[in-house]
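Notes for the structure review
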Amino acid sequence: MFIFCNPFLDGPWRAILLAPTLSRCLIILGDGNLLKSQRFAFDPTAAKFPLGFVATGLHCGVKKDPSRLDLGVIISDRPCSAAGTFTRNAFVAAPVVVSKEVLAKGRGIARGLVVNSGCANAVTGSQGLKDARAMSDQLDSFLGESNSSSATGTLVMSTGVIGQLLPIKKILNGITSSTATLGSTHSAWLDAAKAFMTTDTFPKLRTRSFEVGGKEVRMVGIDKGAGMIHPNMGPPHATLLGMIATDAAVTPASLQDALTVPRHVQSPAV
């Protein structure tokens, strides 16, 4: 369930978008329950995507089937507001640790997101942390952020099989290759959405556009989730991995508030 499609959030969300700040923002989500009655296909080719963002998806070798995309990259053309909500479980996967570090270091500012599917990089110890940081650093290097004292950094997400190490060399090579296929077209965003998929039966990609202060604002959301049970997100409880990007002007604090949903609108955990 995309946060911007939730009817409970429609009013508050539009109010939050009025907050003055940077002209880009990126939200990393890991929450929500997609009810069977709410399923929908990805947006048509006429969909409007947020300005200032590029995306791509490709097969780098995490999954055995070369026709299944397993690496997605999303980049803002400038540092942007960022926020995230994560599991509250005592044991968390390496990408959760690294993404929290990036958000803390950047004080709610980031540049990009890299996500792999097919391997969750969970229960992988110190090597898993090293690999997650390597994914972030690899995209940082392309963005020119790695040697900057004010580096904003890349957020990381992984989904798939638990307890196995990432084929990190394949992923790092894939991140390098991905920079040649980044785009703002429907096909580029759809490939990114496909790269999120594990046991999902269809890619979940959705856009919205509306006016704020006489200016058009665009949003795009990608998520995945199938068969997962109660990972104890805080709050709300949830069973998916996802992101939302928008070219609206929103402060990092307002983005974080948007992810703190009142309990009376939470979907029940499965």
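Quick caveat: nothing in here was measured; it's all calculated off a predicted structure.

1. Some words on the overall build of the chain
The helix and strand tally for the chain stands at six helices and eight strands. Reading the secondary structure of the chain in the N-to-C direction produces α-β-β-β-α-β-α-β-α-α-β-β-β-α. Taken across its 270 residues, the chain has 54% of its residues classed as buried. Considering only contacts in the chain between residues 6 or more positions apart, those separated by 24 or more positions represent 81%. When the accessible area of the chain is evaluated, it comes to approximately 11900 Å², of which 57% is carbon and sulfur surface.

2. With respect to the UniProt feature "binding site: substrate" (unreviewed entry) in the chain
The UniProt record marks Thr198, Lys224 and Thr239 with the feature "binding site: substrate" (unreviewed entry), using the residue numbering of this structure. If you trace the backbone, Thr198 turns up in the loop between helix 5 (186-195) and strand 6 (204-212). If we skip the residues at most four places from it in the chain, Thr198 touches Arg68, Ser117, Gly118, Thr159, Gly160 and Lys224.

3. Considerations on the packing of aromatic side chains
For the structure on display, the rule yields one aromatic pair. An angle of 5° between the planes, with centres 5.6 Å apart, marks the rings of Phe49 and Trp189 as stacked. Within this pair, whereas Phe49 is found in the loop between strand 1 (25-29) and strand 2 (53-58), its partner Trp189 is found in helix 5, the two being separated by 140 residues in sequence. For Phe49, a relative accessible area of 7% gives the class buried. With a relative accessible area of 0%, Trp189 lands in the buried category. Lys204 extends its terminal NZ or CZ atom over the ring of Phe202, reaching a point 4.6 Å from the ring centre.

Calculation rules
- Residues numbered from 1 in each chain as written.
- Predicted model: local features only at pLDDT ≥ 70, side-chain atom pairs only at ≥ 80, totals over all residues.
- Heavy atoms only, no water.
- Helix = DSSP H or I, 4+ residues; strand = E, 2+ residues; numbered from the N terminus.
- Buried < 20%, exposed > 50% of the residue type's maximum accessible area, 1.4 Å probe, protein only.
- Contact = heavy atoms within 4.5 Å.
- Areas by Shrake-Rupley, 256 points an atom, 1.4 Å probe, with all protein chains shown as cover.
- UniProt positions renumbered as here; feature names shortened; annotations may be inferred.
- Phe/Tyr/Trp six-rings, centres within 6.5 Å; stacked < 30°, edge-to-face > 60°.
- Lys NZ or Arg CZ within 6 Å of the ring centre and 35° of its normal.

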